[in-house]
Amino acid sequence: MSAPKTIDAFLVPAGRDPLTEAFSGREFSPPWRGSVAIDPAEAGSAVARAFATPRSEPAAVYINVPYCQSRCLFCGFFQNVWRPELSDAFVDDVVAEMEEMAATPLVSTAPIESVYLGGGTPSALLTAPLARLIANMLRLLPLEPECEITVEGRAYGFGLEKAVAAFDAGANRVSLGVQTFDTAVRRRLGRKLDGAETLAFLNDLAALDRASIVCDLMYGLPGQSREIWRRDIETVAASRIDGVTLYALNVFRGGPLAKSIADEKLPPAGSVGEQAQMYAEAAEFLVAEGFKQVSQSHFARGDRERNRYNSGIKRGVPCIPFGPGAGGQAHGVRWSNLVSIEERRAAKAEGQAPIAGASRMPAAYAAQAAITAGLETGSLAIAAVEAVAPGFARTVAPLLDNWAAAGLGSIDGGTFRTTRAGTFWITNLTGGLYAALDAIRHEATATEEIA
């Protein structure tokens, strides 16, 4: 792993177009950056202590469904091929884990504000097992009365009967990975339904008026022209759904999409500059059409869509993972579960925790989460970070001045507010502010050594 960048690496040279040229590429700066792996022999004990420790703040729950009917070229999260007969065994495993951990202080001592069934493809579960899983969440977990319960999925293999069963059991939000409504682009990426079928299912879900219905769209896809992207955004605006999330395509090194592009089986992906223009165009259009931008990537229409899970994760709320392959964090420990049901059962039979690994959250986690949460809303209160990282305001001042001069934001009464260009480059701004935290830590270490 390369060494963290210094603040200077995030200064924008004068004269660059802020939207398309501010940086040469995007950073990856998650709030848990700087976590330190826990010795495998100690990982189980560390996770057990986290479960044994009460919490006072609301938490999120993440349940991973590590199966997909097919592998989409753009996806970096594929784990296992789905087989319908896996449904009951998977749900049995998750429910058993929830029953085992329901009375632990981590789970039971404060409300849970959101539950997210992600993956993978949760909507691939058969109807009855999916409903049984959701019903058992309500039975076993201390969910808030207004808890957001999301079922992630894709239109293929879902269907209204299954959706109604999920709503009857307690789900109140559906997030579909659409990526694009253009049938030709969808086919090249491995999507099974055409654009019209996908749109019809979204509208049929919304017509049920039972849940918040949102979808993901992706920009920068191979063969996705600006005209195709514009039609995608217009299609969403004309639909009946409650929200949309806009994602920039990431071409994972060594992945199937990268190989297809390298072998000239697909046209190149959109450049970062092209993606910036597509993002800005979409954001401006959606806001003009009555959507509210609630985060860097998420746009909501009306009061039903709350985006509680995603916003909570950005704020750094505890996230309790259940089921194969799920990951989460609490009380300074981050861990992920074994993805194989058989391996999970074998570990439990031997008296071991069914986890794949664990790490200690970085000392600067609270400050990093405050930075991430503030930038996501487009308004970072410097004092909020200073409160958990003394010296931040002084250290970061030259960087914020540079970004303001470059057109990425403005400074108003101790608050840094991003422009549209700054919002597009959010991961780079996050990386720069994290570099300021690194500088504070290095300065403190040097002072201690001198003393």
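The notes below deal with the structure included here. From a predicted model like this one, the values you see are computed outputs, not experimental measurements. What you see as residue numbers is a count from 1 along each chain, following the sequence as written. pLDDT decides what is reported in this predicted model: residues at 70 or higher carry local features, side-chain atom pairs at 80 or more are listed and counted, and totals for whole chains, interfaces and linings draw on all residues regardless. The basis for every side-chain value is the complete set of heavy atoms in the structure, and neither hydrogens nor water enter the calculation.

Another point: the pattern of salt bridges. Opposite charge on two side chains allows them to pair when their charged atoms are near. The working definition used for a salt bridge is a side-chain nitrogen of Lys or Arg within 4 Å of a carboxyl oxygen of Asp or Glu. In total, this model carries 24 salt bridges according to the counting rule given. The shortest N-O distance in the salt bridge between aspartate 168 and arginine 210 comes to 2.8 Å. Of the two residues, aspartate 168 is situated in helix α5 (residues 160-169) and arginine 210 in the loop between α7 (195-207) and β6 (212-219); the sequence distance between them amounts to 42 residues. Of the charged contacts, one joins glutamate 234 and arginine 230 as a salt bridge, the two residues approaching to 3.1 Å between their closest N and O atoms. You can see glutamate 234 and its partner arginine 230 sitting in helix α8 (residues 226-238), 4 residues apart, about one turn around the helix. Given the relative accessible area of 29%, arginine 230 is considered partly exposed. What counts as a helix is a DSSP run of H or I of at least four residues, what counts as a strand is a run of E of at least two, and both are numbered from the N terminus. Any residue under 20% of the maximum accessible area for its type is buried, any over 50% is exposed, and the rest in between are partly exposed; the area is computed with a 1.4 Å probe on protein chains only.

Centre distance within 6.5 Å is the pairing criterion for rings of Phe, Tyr and Trp, where only the six-membered ring of Trp is used; planes under 30 degrees apart are then read as stacked, over 60 as edge-to-face, and the remainder as tilted. Across all of its chains, the model carries 12 aromatic pairs by this definition. Seen in terms of ring centroids, tyrosine 116 and tyrosine 309 are 4.8 Å apart; in terms of plane orientation they differ by 25 degrees. Their pairing is stacked. Linking tyrosine 116 in strand β3 (residues 112-119) with tyrosine 309 in helix α11 (residues 308-315), this pair joins segments that are 193 residues apart in sequence. Taking 5.0 Å as the distance between ring centres and 80 degrees as the angle between the ring planes, the aromatic pair formed by phenylalanine 424 and tryptophan 425 counts as edge-to-face. The exposure classification of phenylalanine 424 matches that of tryptophan 425, with both residues buried. For a ring to carry a charge above it, either NZ of a lysine or CZ of an arginine must fall within 6 Å of the ring centroid while also lying within 35 degrees of the normal to the ring plane. The lysine or arginine in question, arginine 334, covers the ring of tryptophan 32, its NZ or CZ lying 3.8 Å from the ring centre.

Another aspect to go through is the packing of α5 against α7. Angles shown run from 0 to 180 degrees and are taken between the N-to-C directions of axes, each axis being a line fitted to C-alpha atoms and, for helices, limited to the stretch in contact. Viewed as axis vectors pointing N to C, α5 and α7 meet at an angle of 35 degrees, and their least axial separation amounts to 11 Å. Between α5 and α7 lies a crossing whose hand is right-handed. Of the residues in α7, those in contact with Leu160, Ala163 and Phe167 of α5 are Phe201, Asp204 and Leu205. Its residues assigned to classes, the contact of α5 with α7 comprises 5 nonpolar, no polar and 1 charged. Handedness of a crossing is defined here by the sense of rotation of the near helix relative to the far one, left-handed for an anticlockwise turn of less than a right angle and right-handed for a clockwise turn. When checking whether two residues touch, look at their non-hydrogen atoms; a contact exists if any pair is within 4.5 Å. As a working rule, the residues Ala, Val, Leu, Ile, Met, Phe, Trp, Tyr, Cys and Pro are called nonpolar, Asp, Glu, Lys and Arg charged, and the rest polar, with Gly in that last group.

Take the sheet that holds strand β16 (residues 415-418) next. Strands are labelled as partners when DSSP assigns at least two bridges between them. Pairing in this open sheet of 3 strands is antiparallel, and the strands run β14-β16-β15 from one edge to the other. The sheet is open, and its two edges are formed by β14 (379-381) and β15 (409-412), each paired on a single side. Recorded for the sheet is a direction-independent mean angle of 20 degrees between the axes of neighbouring strands. Where β14 meets β16, 3 bridges bridge the pair, whose relative direction is antiparallel. Opposite alanine 381, over in β16, you have threonine 415 as the bridge partner. Sheet strands touched by helix α13 (residues 365-376): β14 and β16. Its angle to β14, the strand with the most contacts, is close to 145 degrees.

The set of buried Ala, Val, Leu, Ile, Met, Phe, Trp, Tyr and Cys residues whose side-chain atoms join them within 4.5 Å is what this entry labels a nonpolar core. The biggest cluster of nonpolar side chains holds 116 residues, and the ones touching the most others in it are Phe392 and Trp403. When near neighbours in sequence (up to four residues on either side) are disregarded, phenylalanine 392 contacts Ile371, Ile382, Val385, Glu386, Leu433, Ala436, Leu437 and Ile440. Residues Leu221, Leu257, Ile261 and Leu266 belong to the second largest nonpolar core, which totals 9 residues.

This part covers the packing of helix α2 (residues 87-101) against helix α4 (residues 127-140). For the pair α2 and α4, the least separation of the axes is 9 Å and the interaxial angle reads 5 degrees. The orientation of α2 with respect to α4, classified from their angle, is roughly parallel. On α4, the residues touching Ser87, Asp88, Phe90, Val91, Asp92, Val94, Val95, Met98 and Glu99 of α2 are Pro129, Arg132, Leu133, Asn136, Met137, Arg139 and Leu140. Grouping the amino acids of the contact of α2 with α4 by side-chain chemistry returns 9 nonpolar, 2 polar and 5 charged. Roughly parallel means an angle under 35 degrees; roughly antiparallel means over 145; roughly perpendicular covers 65 to 115; every other angle is labelled oblique.

A few words on the side chain of serine 340. Position of serine 340 among the secondary structure elements: in the loop between β12 (333-337) and α12 (341-349). Side-chain atoms alone can form a polar contact between residues adjacent in sequence; in general such a contact is a pair of N or O atoms within 3.5 Å, and within protein one must be able to donate a hydrogen while the other accepts it. Separated by 3.1 Å, the side chains of serine 340 and glutamate 342 make a polar contact.

Okay, α12 next. Looking only at α12, the buried set comprises Ile341, Arg344 and Ala347. Angularly, the buried residues of α12 cover 125 degrees about the axis, an arc narrow enough to put them on a single face. Every exposed residue of α12 that faces more than 90 degrees away from the buried side is listed here: Glu342 and Ala349. Those residues of α12 that are buried are in contact with α2 and β12. In the segment just after α12, glycine 351 is the residue with positive phi, at about 75 degrees. Of all possible arcs, the one meant is that of the directions from the helix axis to the C-beta atoms.

What you see with β12 is a clean split: Val333, Trp335 and Asn337 sit on the buried side and Arg334 and Ser336 on the side with no burial. Pairing analysis gives 4 bridges linking strand β11 (residues 327-330) to β12, with the strands arranged antiparallel. Within β12, the position partnered with alanine 330 by the bridge is valine 333. Counting the residues in the hairpin turn of β11 and β12 gives 2 residues, including histidine 331, whose phi is positive at 50 degrees. Pairing of β12 with strand β13 (residues 355-360) involves 5 bridges; the strand directions are antiparallel.

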